[in-house]
Amino acid sequence: MPTTHTATHKTTTRRSTTGRSKAKDAIKLLSDDHNKVKKQFKEYEKLIKKNEADAKEELAEQICEELKIHTQLEEEIFYPAAREAIKDDLLMNEATVEHASAKELISQLQSMNSSDPMYDATVTVLGEYVNHHIQEEEEKIFPKVQKSKMDLEELGSELAERKEELTKDKE
């Protein structure tokens, strides 16, 4: 099980020598993750057509790792801050349920052999769930967060720092 991480709101920001912040804001960082995984799912679809088993398995593993890190970042840092800022429990609860569904599919995939006849279907359904979730976040949660008084640059710094920690843990 992943270790629990408590988000802390730091008062320092990373600055370049020109005085501008080098950190991406939280929405940009999360959107970049979304774009990366959407491309990975499209690539997986191409690999299904080419019937490249080894490449499919490797890409599916990468997708799962990306999603596990991303969901952990959102659940530990972004969602608690967003929930407090936008005061829309139903929307945030839906996002949490969507994460649970994705995690279940990831768990199934990671326990399957790539030769399993259900493997490609499971990756495909995971992609559909993730694409729906991304659309909900980008069209409903992100605009509300942007209208709030959240410090998105500071939150982005926290997300980037935690992502670096989680990525190192996976190496």
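Everything numeric in this text was worked out from a predicted model, so none of it was measured.

What follows deals with the packing of aromatic side chains. Summed over the entire model, instances satisfying the criterion amount to 2 aromatic pairs. With centroids separated by 6.2 Å and ring planes inclined at 55°, the aromatic side chains of phenylalanine 78 and tyrosine 79 adopt a geometry described as tilted. Taken together, Phe78, Tyr79 and Phe142 form an aromatic cluster joined through their ring pairs.

Turning our eyes to something else, we now look at the packing of helix H2 (residues 53-86) against helix H4 (residues 119-147). The contact between H2 and H4 brings their axes to 12 Å, and the two run at 25°. With respect to H4, the axis of H2 lies roughly parallel. When you trace H2 past H4, the crossing you get is left-handed. On H4, the residues that touch Lys56, Glu57, Ala60, Leu67, His70, Glu74, Phe78, Tyr79, Ala82 and Ile86 of H2 are Tyr119, Asp120, Val123, Leu126, Val130, His133, Glu137, Ile141, Phe142, Lys144 and Val145. Tallied by class, the residues present in the contact of H2 with H4 amount to 13 nonpolar, 2 polar and 6 charged.

With that settled, the discussion passes to empty space enclosed by the protein. It is the rolling of a water-molecule-sized probe over the atoms that shows where space remains empty. In the structure shown here, the tally under the stated rule is 1 cavity of 30 Å³ or more. Estimates place the volume of the largest cavity at around 30 Å³. Along its surface, the largest cavity is lined by Asp33, Val37, Glu66, Leu67 and His70. Considered class by class, the residues forming the lining of the largest cavity number 2 nonpolar, 1 polar and 2 charged.

Below, the discussion takes up unusual backbone geometry. Of note, the phi angle at asparagine 51 is positive, near 55°, even though the residue is not glycine. Inspection of the secondary structure puts asparagine 51 in the loop between helix H1 (26-50) and H2. Backbone geometry at lysine 87 places phi at a positive 50°, although glycine is not the residue there. On the secondary structure map, lysine 87 appears in the loop between H2 and helix H3 (89-111). Since its relative accessible area comes to 65%, lysine 87 is described here as exposed.

For the rest of this paragraph, the subject is the confidence of the model for the protein chain. Averaged over all residues, the pLDDT of the protein chain equals 87, while 85% of them reach at least 70. This stretch, residues 1-21, has a pLDDT under 50; its non-local contacts, to residues over four places away or in other chains, come to 31 contacts.

With 23 residues, H3 extends 33 Å between its outermost C-alpha atoms, agreeing within 8% with the 33 Å of an ideal straight helix rising 1.5 Å per residue. Every buried residue of H3 is listed here: Leu91, Met92, Ala95, Glu98, His99, Ala102, Leu105, Ile106 and Leu109. Against the buried residues of H3 lie H2 and H4.

Criteria and thresholds
Residues numbered from 1 in each chain as written. Predicted model: local features only at pLDDT ≥ 70, side-chain atom pairs only at ≥ 80, totals over all residues. Heavy atoms only, no water. Phe/Tyr/Trp six-rings, centres within 6.5 Å; stacked < 30°, edge-to-face > 60°. Axes fitted to C-alpha atoms, helices over the stretch in contact; angles between N-to-C directions. Helix = DSSP H or I, 4+ residues; strand = E, 2+ residues; numbered from the N terminus. Parallel < 35°, antiparallel > 145°, perpendicular 65-115°, else oblique. Left-handed = near helix turned anticlockwise from the far one by under 90°. Contact = heavy atoms within 4.5 Å. Nonpolar A, V, L, I, M, F, W, Y, C, P; charged D, E, K, R; others polar. 1 Å grid on protein atoms, 1.4 Å probe; cavity = no way out; pocket = protein on both sides within 12 Å on 5 of 7 lines; lining within 4 Å. Points joined across faces, edges and corners; volume = space filled by probe spheres on them. Buried < 20%, exposed > 50% of the residue type's maximum accessible area, 1.4 Å probe, protein only. pLDDT = per-residue confidence, 0-100. Expected span 1.5 Å × (residues − 1).

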